[in-house]
Amino acid sequence: MNPCFPGGRPGCWSFALSTQRTIMNDHRRLGRELGIFDTDPLIGSGLPYWLPAGAAVRKAIEDYVHELERRNGYQHVNSPVLGKRELYEMSGHWAHYSADMFPPMNVGGEEFVLRPSLCPHHALIYRSRGRSHRELPLRVAELGGMYRSEPSGVLGGLTRVRSIQLNDGHVFCAPEQAAAEVSAALDLIETAHAQLGIEAARYRLSLRGEGDKFVDDPGMWARSEAVLREVLKERGRAYDEERGEGAFYGPKIDIQIADPAGRESTLSTVQVDLYQPERFDLRYAGGHRPAMVHRSIVGGIERLVAHLIEVHGGAFPTWMAPVQAVVLPLSDEQSAAAGDLLRRCLDAGLRAELAPAGRGSLGARIRAHRLVPYQLVVGPREAASGEAAVRLRDGSQAGAVPVERLAAGARPSY
């Protein structure tokens, strides 16, 4: 089986596999060349905007993760990107995390803050009504904006930004259900990583450090850590322990990724939180206190896309490619047939575009679209039959393949 063809392994093109070429795939350069993102000083440092190709990649990823979560029992919500200062005082963010938050805005005599995370909003959604034990575990997910007051000196491309679109989720469960929910979250993370073509550098158990950055409740930390250690042991997963890398309210399992230069960052994470359920006085029937499992399957979309640009060198897996198919008429005589084929591609759900004969020779147009998974050449014979000669981006020929089959191969698997 050709690995670039429908049903094959995603991210197959050898473009990004050699060390030399991988080092060249700096997402800051390649992302701009490919029309993924850009910045403007009038918008501000650490606030990139998405260009059409980047918006297409982002939408494909968001749709995939949304469906993966839906199939695994998550209910999706939407919440505001800011809240009153009192909300973050209640959650503990103001006491332990305010140095990384934007300053409050005074509106009508009340102070509002751009949120540094989504968990306080989800805690309020949970407590918006009484909960039966039969509802647990209650799995809530959202792709939402959060904001970090990062120093200018650490900002760069998509990897360190001030505005983050986070794939976030919270599971409210009985304490005895927490280990199973942590393991289920790791299953989702590993499924998504395989689909995206991501290889984890290592797993890290991030623990409490010294100082007032962390909630001072050793017993609570010990109980949360015990859950994470139990899950890692049962899964046979090797991991490193690092103190001082936990969230202020609890320990984390962090899945680390590395860029071509070996620099590490956290992409996905699972956390056990016994602190915020107490702060928000969360309950379920009988007055019992739930545990709160935080999990992010793919982390912040900005950091994820930066990593994918470098991993795939712009040759994204077919299902997330900005343009999945390009229609290439051999000459102007095939323009009408090419237009009909383009419409069929779009109707079948493919992200497709036309490269008309007036843009240069067929070879030049193929080279210009070398990152597009399906190159559909329409000559006199194809125009007469209503088909196309399908050329794959590795240079191989697939013959006349129905548009519907191409569209099926351009969808992610779950």
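Each remark here, short or long, concerns the structure printed above.
Residues numbered from 1 in each chain as written. Predicted model: local features only at pLDDT ≥ 70, side-chain atom pairs only at ≥ 80, totals over all residues. Heavy atoms only, no water.

Before going further, it helps to spend a moment on the sheet that holds strand S6 (residues 110-114). Spatial strand order, S4-S6-S5: three strands in an open sheet with antiparallel pairing. Taken across any chain shown, the strands that pair with only one partner, and hence form the sheet edges, are strand S4 (82-84) and strand S5 (105-107). Strand-to-strand twist across the sheet, computed as the mean angle between neighbouring axes with direction ignored, equals 40°. Of the pairings in the sheet, the one linking S5 to S6 comprises three bridges and is antiparallel in character. When the sheet's bridge partners are listed, Asn106 is paired in S6 with Glu111. (Pairing = 2+ DSSP bridges. Helix = DSSP H or I, 4+ residues; strand = E, 2+ residues; numbered from the N terminus. Axes fitted to C-alpha atoms, helices over the stretch in contact; angles between N-to-C directions.)

Among the structural elements, Arg131 can be located in the loop between helix H6 (119-126) and strand S7 (138-147). With a relative accessible area of 10%, Arg131 lands in the buried category. Engagement of the side chain of Arg131 in a polar contact is seen with the backbone oxygen of Tyr126, the distance being 2.8 Å. Not counting residues within four places of it along the chain, the set of residues in contact with Arg131 comprises Ile125, Tyr126, Leu138, Arg283, Tyr284 and Ala285. (Buried < 20%, exposed > 50% of the residue type's maximum accessible area, 1.4 Å probe, protein only. Polar contact = N/O pair within 3.5 Å; in protein donor to acceptor, adjacent residues only side chain to side chain. Contact = heavy atoms within 4.5 Å.)

What follows is about the sheet that holds strand S17 (residues 389-392). The five strands are arranged S15-S14-S16-S17-S18 in an open sheet whose pairing can be described as mixed. Every other strand in the sheet has two partners, leaving strand S15 (352-354) and strand S18 (397-399) as the edge strands with one partner each. The sheet shows a mean angle of 25° between the axes of neighbouring strands, taken without regard to direction. Here S17 runs beside S18; their pairing, made up of two bridges, is antiparallel. From the neighbouring strand, Arg391 faces S18, where its bridge partner is Gln397. Of the strands in this sheet, strand S14 (325-329), S15 and strand S16 (374-378) are in contact with helix H11 (residues 335-347), which crosses S15 at around 165°.

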